[in-house]
Structures are given as structure tokens and as C-alpha cells.
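The primary structure of each chain is shown beneath.
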Amino acid sequence: MTCMKSNTYKNDDFNNRLTSAADAKKALLERFRARPGPDDPAVIARRAAQTAIEAAREVRAAERKVAREAEAIRLAAEQAALAEEAKAKDVELQARKAEEAARAAARAVEAKAARDARYAARNARRRA
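Caption draft 1: Representation of the overall build of the chain. Per the secondary structure count, the chain includes three helices and zero strands. The helix and strand sequence of the chain, counted from the amino end, reads α-α-α. For a compact globule of 128 residues, the expected C-alpha radius of gyration is about 14 Å, and the chain comes in at 50 Å, more than 25% above that figure. Across its three principal axes, the chain shows a C-alpha extent of roughly 160 × 55 × 20 Å. Residue burial in the chain is summarised as follows: out of 128 residues, 1% are buried.

Caption draft 2: Spotlight on the pattern of salt bridges. The tally for this structure, following the rule as stated, stands at eight salt bridges. Where Glu-78 meets Arg-74, a salt bridge forms, and the shortest distance between an N and an O atom there is 2.9 Å. With Glu-78 and Arg-74 both in helix H3 (residues 41–127) and four residues apart, the pair spans about one turn of that helix. For Arg-74, a relative accessible area of 41% translates into the label partly exposed. Here Lys-89 ties to Glu-85 by a salt bridge, and the two come within 3.6 Å at their closest N and O atoms. You can see Lys-89 and its partner Glu-85 sitting in helix H3, four residues apart, about one turn around the helix. Taken together, the shared-partner salt bridges in this structure form one network comprising Glu-99, Glu-100, Arg-103 and Arg-107.

Caption draft 3: Just the confidence of the model for the chain, in detail. When pLDDT is averaged along the chain, the result is 89; 91% of the residues meet or exceed 70. Looking at the elements of the chain, mean pLDDT is at its lowest for helix H1 (residues 8–11), recorded as 57, and at its highest for H3, recorded as 95.

Definitions and cut-offs
- Residues numbered from 1 in each chain as written.
- Predicted model: local features only at pLDDT ≥ 70, side-chain atom pairs only at ≥ 80, totals over all residues.
- Heavy atoms only, no water.
- Helix = DSSP H or I, 4+ residues; strand = E, 2+ residues; numbered from the N terminus.
- Rg over C-alpha atoms; globule rule 2.2 N^0.38 Å.
- Buried < 20%, exposed > 50% of the residue type's maximum accessible area, 1.4 Å probe, protein only.
- Salt bridge = Lys/Arg side-chain N within 4 Å of Asp/Glu carboxyl O.
- pLDDT = per-residue confidence, 0-100.

Written as C-alpha cells, this is what we have:
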């Protein structure tokens, strides 16, 4: 006994295959025609919803951009304030150093004047 393989296309004749192909094309065309057109209320509503979603997305993006710019401005102002504070401290330090140097110079002048006065007094005592 021989086993028979079941193959649906082997026993179909050419006309049956043409008919089934034509039926498939017809079904596809009917499915395409059954789709709602651009003026259908459901399509219009879906487009409106998509437009609203896109507008909301753009608004959120603009808000994020404004927030980033505001943060950048805040950071720049903060850095400028810190730089001004550091500059003020530096100026104050320089002023203190200059004042200390002036005091040291004045002490040196006073010490020299006192020493010169002692030498002059000693010389005056020797000559007298």
C-alpha cells in the first residue's frame, strides 16, 4: 500500500486557483473600501485628539525649556554673587595686608627715630 500525501494545491486546477486569488483580491478591496474616510467623525475625532496631544507635548517641551533657561540664569546669578563675594574678600584681605605693611613701616620708622635719638643723646653726653 502506498501512502498518499495530502496536498491541497496538487488537486486544484488552474481555474480554482484563479478564482480563489480573485476572491482574495476582492476581499482585500472591500476591506479597504470599508475603512472610514477622512470626513468620518471617528477619524476627525482621532485627528483632533492627536493634535491636542501634540500641542500638549509642545507646551510641556516649552515649559521644560523655560525651566532650564531659568535655572541657568539662577546659576549664573549665583556664580556672579559668589565671584563678587570672593572679590570683596580679596579686596578686604589686600587692604588688611596694606594696612599691616603700613603699620610695620611706621613701627620701623619710629624704631629708627628712637634709635637715632638714643645715639644722638649718647653722643651729646660724650661731648658734654
